[in-house]
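Results of the structural survey
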Amino acid sequence: MSLARSLVDVRPLRTSPVFRRLLIGRTVSVLGGFMTMVTVMYQVWDQTGSTAWTGAVGLAQALPLVVFGLFAGAWVDRADRRRIYLAATVGQAACSLLLAVQGFTGHVPPAAVLLLVAAQSGFGALGAPAAGVFVPRLLPKEQVAAGLALQQVSGQSMMLIGPALAGLLLGWFGIGVCYLLDALSFGLAFYGARGLPALPPRGEPSRAGLHGVLDGLRFLAGHRVVRGALVTDLAATVLSFPVSLFPLVNAERFGDDPRTLGLFLSALAVGGVAATALSGPLTRLSRPGPVMLCASATWGAALVLFGLAGDPWLGLVLLALAGAADATAVVSRSTIVQTRTPDALLGRVTAAEQIVGQAGPSLGNARGGLLAGWTSGTTALISGGLLCVLAVAAVATTTPELRDGG
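Residues numbered from 1 in each chain as written. Predicted model: local features only at pLDDT ≥ 70, side-chain atom pairs only at ≥ 80, totals over all residues. Heavy atoms only, no water.

Where an unreviewed UniProt entry is consulted, the chain appears under the name MFS transporter, with the organism given as Streptomyces argyrophylli. Turning to the chain, the UniProt record has this under Subcellular location (unreviewed entry): "Cell inner membrane". (UniProt positions renumbered as here; feature names shortened; annotations may be inferred.)

Shown next, in the form of structure tokens:
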């Protein structure tokens, strides 16, 4: 196999100028989002010195998505997705501008900062389901997986760059400049999406309010492949998400070296970037179901082996493998969702996918922390990985449509 075919498939960049502009704008906006995430944590900690307050930052980001996501998806399936996304982008930019203003002026209570973060997350909960229809509407079906892989590799890369860049800018210029740069990044996202054609739903528009939400849930309950994909992702994250265990496992097995702890998350991201950068052969396959199941099982197995590893360098290699498996599973899951869901329902199903992606890791961190408190970090990590592998095997056994191709 040639090197070119091993690398991420870039056909969508060549064949669709609209997708290319959209990806550039999205990449810059994701970079700004990671910078703001670090800046908010830094500001709230600086103001309060309380881990309860810094923990509340995560709640402010997650709750609007969980509470309003499905209703936002129903609204998206009733209107022009392009206009909704542009309006949501303007709303997010406005929140970043207000964060910048308070960053420059100072003396704003942390509760007000969290309210702005929650408002921005609320606009994001509206924009995400709208953006979920872009790739399958802009690209031919055989290029959808490649387009999603390009989005994934750009997002993973920004996860590596954004926090480090935010740390430098905070030291040089302060919090106001970081928030302002995030606001400007939404300008590029707006420009990238402005060239999209009108994207009303194809087929019967969603019913209003709760009726539309229930229609989306009925589709999820009845479509075995899409349901199996989301259940697999939820099981993998809830049962085995490891981040809350890293400090304890580092103390138990690796001498409590802070340098090792700092590398754990980086190893996950490096694995994710490498996997998506070399995703060409996988995204050209027409069977994302088996790829997702194998990748999800590999994620769990790699975490089991990480829990058993006594050498820190071997541990980092195993975390990189887990990160690669996770990124591959995400691309495959999104491919299943966006190619198997009717366009008229795609906003609601994308919203459900976003909720799973947001709530699963949070619940997984809580599960790991509670179990580690009763047993040990190593036990919580190994048992979670084993449960993940068993859950994936159960989904594969009970959902042959997913196992045989997806």
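**Points about the packing of helix α17 (residues 346–374) against helix α18 (residues 377–398)**
Relative orientation of the contacting elements α17 and α18 amounts to 135 degrees, with a least axis distance of 7 Å. Between α17 and α18, the angle is such that the two are oblique. Here α17 runs over α18; the crossing is right-handed. Across the interface between the two elements, R367, G368, L371 and A372 from α17 touch G377, A380, S383 and G384 from α18. Taken together, the residues of the contact of α17 with α18 break down into three nonpolar, four polar and one charged. (Axes fitted to C-alpha atoms, helices over the stretch in contact; angles between N-to-C directions. Helix = DSSP H or I, 4+ residues; strand = E, 2+ residues; numbered from the N terminus. Parallel < 35°, antiparallel > 145°, perpendicular 65-115°, else oblique. Left-handed = near helix turned anticlockwise from the far one by under 90°. Contact = heavy atoms within 4.5 Å. Nonpolar A, V, L, I, M, F, W, Y, C, P; charged D, E, K, R; others polar.)

**Digging into helix α9 (residues 175–194)**
Under the 1.5 Å per step criterion, the end-to-end length of α9 is 29 Å for 20 residues, consistent within 8% with the ideal 28 Å. The inward-facing, buried residues of α9 contact α3 (17–48), α5 (81–105), α6 (110–131) and α8 (144–172). (Expected span 1.5 Å × (residues − 1).)

**A short note on the pattern of salt bridges**
Considering all chains together, one arrives at ten salt bridges under this definition. Its salt-bridge partner being R11, residue D9 comes within 2.7 Å of it at the nearest N-O pair. Taking the shortest distance from any N to any O, the salt bridge between R218 and D215 comes out at 2.6 Å. With R218 and D215 both in helix α10 (residues 209–222) and three residues apart, this pair spans about one turn of that helix. One continuous salt-bridge network, built from bridges that share partners, spans D77, R81, R137, D343 and R348. (Salt bridge = Lys/Arg side-chain N within 4 Å of Asp/Glu carboxyl O.)

**Re a nonpolar patch on the surface**
Taken together, L59, L63, V66, V67 and F68 make up a surface patch of nonpolar side chains, about 470 Å² in accessible area. Tracing the chain through its elements places V66 in helix α4 (residues 51–76). (Patch = residues over 30% accessible without salt bridge, like charges linked within 9 Å, V, L, I, M, F, W, Y side chains within 5 Å. Areas by Shrake-Rupley, 256 points an atom, 1.4 Å probe, with all protein chains shown as cover.)

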